[in-house]
Amino acid sequence: MAGIRLPPEESDVSQAQQTRAAPAATDLVSDDDRSVAADSWSIKSEYGSTLDDDQRHADAADALSAGNHRDASDYSSDKDEPDAEAVTSMLGLQSYWDSAYADELANFREHGHAGEVWFGTDVMEIVSSWTKSLCIDISQGHIPNHVDDIKSEPVEDGEKYLSTWSVLDIGTGNGLLLQELAKQGFSDLTGTDYSEGAIDLSRSLAQRDGFANINFLVDDVLDTKLEREFKLVIDKGTLDAIGLHPDGPIKRIMYWDSVSRLVAHGGLLVITSCNNTKDELVQEVEDFNKRSIGAHQESEQTQKEQEPPFRYIAHVRSYQTFEFGGSVGSRVATVAFLHT
Ligand SMILES: C[S@@+](CC[C@H](N)C(=O)[O-])C[C@H]1O[C@@H](n2cnc3c(N)ncnc32)[C@H](O)[C@@H]1O
């Protein structure tokens, strides 16, 4: 997959390098919320990775452009090595991430580099400031009504509300999104990842950057050992990765079951994805709601109306869009759901 490497930029962490893949004609569709799938996996800032990242990401981008889903009945272990057929879904495998973070950890130890920011620093900053404004709005009793945009402007005295928002970042990677949320004023911050290397890296970076109060734990979100609920659960790129496992469809079902237990009632789930549009994520949540209501009615032997567990409330509208052949699209979607 062809990518355009832009020149390195200065950053406060180290020299940053922006990588952008040129959107292919077929990647852009008329829905302006549409995120461009495979190419977006190359939208990342590399904080100076020098190991075999290029090859890894060329493979990853190829893997993303080829959907490879088996039936749920073929469900296999997440710890499996990719076989010849499943290689196209390597980003869905833990072995891929373990090897990626082993490289990044070595790179951090040798050169102090922080590794990749998936979808780029601009997206990370938008997600964190937009999420902060949303949390403040909700704390003040204003639940967005789908139509109004969330104002990412400083709200007077708003910060005082943030201490009540416990935050969980699932599939935290290098944990930089949590550092960004800490800068925004959140203080109760936890990051989990099923890759031990990711947790070593995120802890080391947090220590180095003065965010020793962020908690990091090894945890598989599909088999979580966390017994706590969080008022804000965020996911940037993790559902995308989970969906790329050869058993992606069933793993996505497991994801919703698990996440619904992690988000406190009245709390928020904020998902950033490059593989799904806002409308697709909303549809997936509606499917989960239906399953959940059906299971409740069956277990309680009742037809009584139950409120759907998740409700779509807002999405980021300010991402840069690209136009190609009359179609407009953005590369990522960030969508917020309220746990009712
Ligand atoms: C695309 S990366 C995104 C990393 C980070 N969220 C970011 O934005 O930089 C996907 C992350 O999800 C993690 N991951 C994938 N499946 C997971 C699972 N079942 N449980 C926990 N983490 C998982 C991977 O180890 C990886 O760190």
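Basis of the calculations
Residues numbered from 1 in each chain as written. Predicted model: local features only at pLDDT ≥ 70, side-chain atom pairs only at ≥ 80, totals over all residues. Near = placed C-beta within 6 Å. Helix = DSSP H or I, 4+ residues; strand = E, 2+ residues; numbered from the N terminus. Nonpolar A, V, L, I, M, F, W, Y, C, P; charged D, E, K, R; others polar. Core = buried A, V, L, I, M, F, W, Y, C linked by C-beta atoms within 7 Å. Buried ≥ 20, exposed ≤ 12 C-beta atoms within 10 Å, placed from the backbone. Contact = placed C-beta atoms within 7 Å. Expected span 1.5 Å × (residues − 1). Axes fitted to C-alpha atoms, helices over the stretch in contact; angles between N-to-C directions. Parallel < 35°, antiparallel > 145°, perpendicular 65-115°, else oblique. Left-handed = near helix turned anticlockwise from the far one by under 90°. Pairing = 2+ DSSP bridges.

*Asks:* Requested: an account of the site of the ligand, with residues and values cited.
*Replies:* Around the ligand, the structure places 20 residues, and the nearest of them are W97, G171, G173, K236 and G237. Contributions of two or more residues to the shell around the ligand are made by β4 (115-118) and α7 (238-243). The element best represented in the shell around the ligand is α7, accounting for three residues. Within the shell around the ligand, the residues separate by chemical class into eleven nonpolar, six polar and three charged.

*Asks:* Quick rundown of unusual backbone geometry? Include the residues and the values.
*Replies:* Unusually for a residue other than glycine, F119 sits at a positive phi of about 75 degrees. If you trace the backbone, F119 turns up in the loop between β4 and α3 (121-139).

*Asks:* Now, about the nonpolar core: what can you tell me, with residues and values included?
*Replies:* Formed by 72 residues in total, the largest nonpolar core has its most connected members in V167, L232, V233, L268 and L269. Contacts of V167, omitting those with residues within four sequence positions, involve L181, F186, D188, L189, T190, F230, L232 and I234.

*Asks:* Help me get a handle on the environment of T190, residues and values and all.
*Replies:* Mapped onto the elements, T190 comes out in strand β6 (residues 188-193). When the 20 C-beta atoms within 10 Å are taken as the criterion, T190 is described as buried. The sequence separation of T190 and N213 amounts to 23 residues, and the corresponding C-alpha distance is 9.1 Å. The residues touching T190, leaving out its near neighbours within four places in the chain, are V167, L168, N215 and L217.

*Asks:* I'd like a rundown of helix α9 (residues 278-300), residues and numbers included.
*Replies:* Under the 1.5 Å per step criterion, the end-to-end length of α9 is 33 Å for 23 residues, consistent within 8% with the ideal 33 Å. Taken together, the buried positions of α9 are K278, L281, V282, E284, V285, F288 and N289.

*Asks:* Tell me what's going on with the packing of helix α2 (residues 94-111) against helix α6 (residues 196-208), and back it up with residues and numbers.
*Replies:* Running from N to C, α2 and α6 point in directions that differ by 30 degrees, and their axes come no closer than 8 Å. Considering the angle they form, α2 stands roughly parallel to α6. As α2 packs across α6, the resulting crossing turns out to be left-handed. Mapping the contact onto sequence places W97, D98, Y101, A102, E104, L105 and F108 in α2 and G197, A198, D200, L201 and S204 in α6. Residues belonging to the contact of α2 with α6 are distributed by class as follows: seven nonpolar, two polar and three charged.

*Asks:* Can you break down the environment of W97 residue by residue, with the values?
*Replies:* Within the element layout of this structure, W97 appears in helix α2. W97 sits 98 residues away from S195 along the chain, and the two C-alpha atoms are 6.5 Å apart. Leaving out residues up to four positions away in the same chain, W97 has contacts with S195 and A198.

*Asks:* Talk me through the sheet that holds strand β9 (residues 263-273); I want residue IDs and the actual numbers.
*Replies:* Sheet architecture is open: seven strands sit in the order β7-β6-β5-β8-β9-β13-β10, paired in mixed fashion. Every other strand in the sheet has two partners, leaving β7 (215-218) and β10 (310-315) as the edge strands with one partner each. Between one strand and the next, the sheet's axes are offset by a mean angle of 20 degrees, whatever the strand orientation. Sheet contacts for α6: β6 and β7; angle to β7, the most-contacted strand, approximately 165 degrees.

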